[in-house]
Every structure is written in C-alpha cells, then in structure tokens.
Amino acid sequence: MRLRPLVALLLLTGVSTVSAADLVVSAASSLTDAFQAVGKAYEAKHPDTHVILNFAASDVLLRQITSGAPADVFASADQAAMDKAAAAKAIDPATRMDFASNRLVLVVPHDSKATIRGPADLKADGVKRVAYGDPASVPVGRYTKAALEQQGLWDAVSAKGVLAQNVRQSLDYVARGEVDAGFVFATDAAIMKDKVKVAATVPTPKPITYPIAVVAGSKQPADAAAFEAFVQSAEGRSILAGFGFEAP
C-alpha cells in the first residue's frame, strides 16, 4: 500500500503517477491510522490492486476531486462534506453509506496544570489559546462550533481560537503544548495518550457519522465499490473498532 497524502495535489499540477491498477482513496484526516490498516488488509485480499491513500480535511479532498484529481473512493468525516459532494455530482449517490461514528472530545496537554474539565472552563482568563478545525472546511471544526453554540460558549471560545487545517493539526497543537486546549475526535486523542489527555467528552447536536461513496469519475467503479464493501464488512468494521471507531 502506498501512502501519498499529497498525491491529488501533485496530480492537479499535471504530474501523473497513478496507474490503472491503483485505487485512490481520499479519506478524512481522522481516518489516517485506521485506513492505513484497512488498506493493507484490502490489498492482502486483492493482491492485484494497489491502494493509494490521500488524507486531508474532508472539504479539501472534495475540492481536489471536483478540480479533477484522480479519486475512486471518498470517505468524509461528516455529512456536510458528503452533501456537498452529492450536490456537485462528484459521487455516485447510490453508493453513499455511513460506515463509522465518533465522538468529540476536549483535550489538554498531558502535563497541563490548568483546571479544565469541560468547555465552560475555557472562558477562564488563564486559558489563552484553544485549537479546533476551521469550521469553514474541517468537519471537527463544524462539530465544535455547533456544540459550543448549543452551550452558549462559541463567542467566548472562538475569541481564543487557533484554527487548524485538519483534526490532526489541532491534535498536534495540543500535544506540543502550543495551546491550552483543543477539540479533536476521540479516535485522534487515543493515538497520543502520552501527550494529551481527555478533559471531557463534548455532546454534539448531531451524531458524528462518517459516510463513504464511490467517486462519480472513478475509472474503476467496480473496484471502488469492492473497497467500500470491505470497509463495511465484518473484517473492515473490526479494524475500525480497533482504532476506536464505533458503528454508525
């Protein structure tokens, strides 16, 4: 399996590195570790197929796809990005299915001495910087904004906001101690238990669900559909569960 986070961007500049046997899967950043494992398991069952994984914020991936970057499968971290894909006719709507769910958590640096037990504590004068994904383009940011608006905290917290380009960047800001706290998915927090700690699980107005679909312009829709089916198979769900993803 080849991991090429920038493959689509390279292809947009005219550099063609994808062969007929390559299956390009554009997936949300929060799926990085899980889909690396899924890709390896899929290739073991389909040795003639090379899975190329392209990770970024869901909206960024969609812009790549609609701009003509090769992609066969699109996996988003929220319904909004997939709704945009459907509206742009960038996916085959008949193949759209939810395959996983997640939770939003508030994390702090592992050595933090601050008293942060929930979003309301972020209003304290001692809290200066809070990281979260840009709501304009990053699903975790949209979930964060909606959750904080529901609690009447958005104005206070966004005034201290440090916008991240994707959920992993938000996680990195917290892990490096560059911010006092940050919002990420539970599955992301789990991969850095030695560097961040979960202060609270944050309720969201809408469930955090992950949809997947075959890209409308796929050159190999049958293989793309097979990959999607594998993700939703018992083996695929078991792999996802191993990384903390729950059933949709």
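Just so you know, these numbers come straight off a predicted model, no measurement behind them.

Caption draft 1: Focus on the overall build of the protein chain. The helix and strand tally for the protein chain stands at ten helices and eleven strands. Computed over C-alpha atoms, the radius of gyration of the protein chain comes to 18 Å, within 12% of the 18 Å expected from 2.2 N^0.38 for 248 residues, which places it in the range of a compact globule. Oriented by its inertia axes, the alpha-carbon framework of the protein chain measures out at about 55 × 30 × 30 Å. Within the span of the protein chain, comprising 248 residues, buried residues form 52% of the whole. Sequence-distant contacts, at least 24 apart, represent 78% of the contacts inside the protein chain between residues at least 6 apart.

Caption draft 2: Structural view of the packing of aromatic side chains. Tallied over the full model, the rule gives nine aromatic pairs. Considering the side-chain rings of Phe 35 and Phe 227, the 6.0 Å spacing of their centres and the 75° angle between planes classify their relative orientation as edge-to-face. In this pair, Phe 35 is assigned in helix H2 (residues 32–45) and Phe 227 in helix H9 (residues 221–231), connecting sequence segments 192 residues apart. Taken as a pair, Phe 35 and Phe 227 share a single burial class, namely buried. Summarising the aromatic geometry, the rings of Tyr 210 and Phe 245 are spaced 5.4 Å apart at their centres and angled 85° between planes, so their arrangement reads as edge-to-face. With Tyr 210 in strand S11 (residues 208–214) and Phe 245 in the segment after helix H10 (234–242), this pair connects stretches of sequence that are 35 residues apart. The pair Tyr 210 / Phe 245 is uniform in exposure class, with both members buried.

Caption draft 3: A look at the sheet that holds strand S10 (residues 196–202). What the five strands build is an open sheet, ordered S8-S7-S9-S6-S10; its pairing is mixed. Bordering the open sheet on either side are strand S8 (161–164) and S10, each of which pairs with just one other strand. The sheet shows a mean angle of 35° between the axes of neighbouring strands, direction not considered. In the sheet, strand S6 (residues 104–109) pairs with S10 via six bridges, with the strands oriented antiparallel. Within S10, the residue paired with Val 107 across the bridge is Val 198. Each of S6, strand S7 (130–133), strand S9 (181–185) and S10 touches helix H5 (residues 139–150); the most contacted strand, S9, lies at about 115° to it.

Calculation rules
- Residues numbered from 1 in each chain as written.
- Predicted model: local features only at pLDDT ≥ 70, side-chain atom pairs only at ≥ 80, totals over all residues.
- Heavy atoms only, no water.
- Helix = DSSP H or I, 4+ residues; strand = E, 2+ residues; numbered from the N terminus.
- Rg over C-alpha atoms; globule rule 2.2 N^0.38 Å.
- Buried < 20%, exposed > 50% of the residue type's maximum accessible area, 1.4 Å probe, protein only.
- Contact = heavy atoms within 4.5 Å.
- Phe/Tyr/Trp six-rings, centres within 6.5 Å; stacked < 30°, edge-to-face > 60°.
- Pairing = 2+ DSSP bridges.
- Axes fitted to C-alpha atoms, helices over the stretch in contact; angles between N-to-C directions.

Read these as spatial facts, not as claims about activity.
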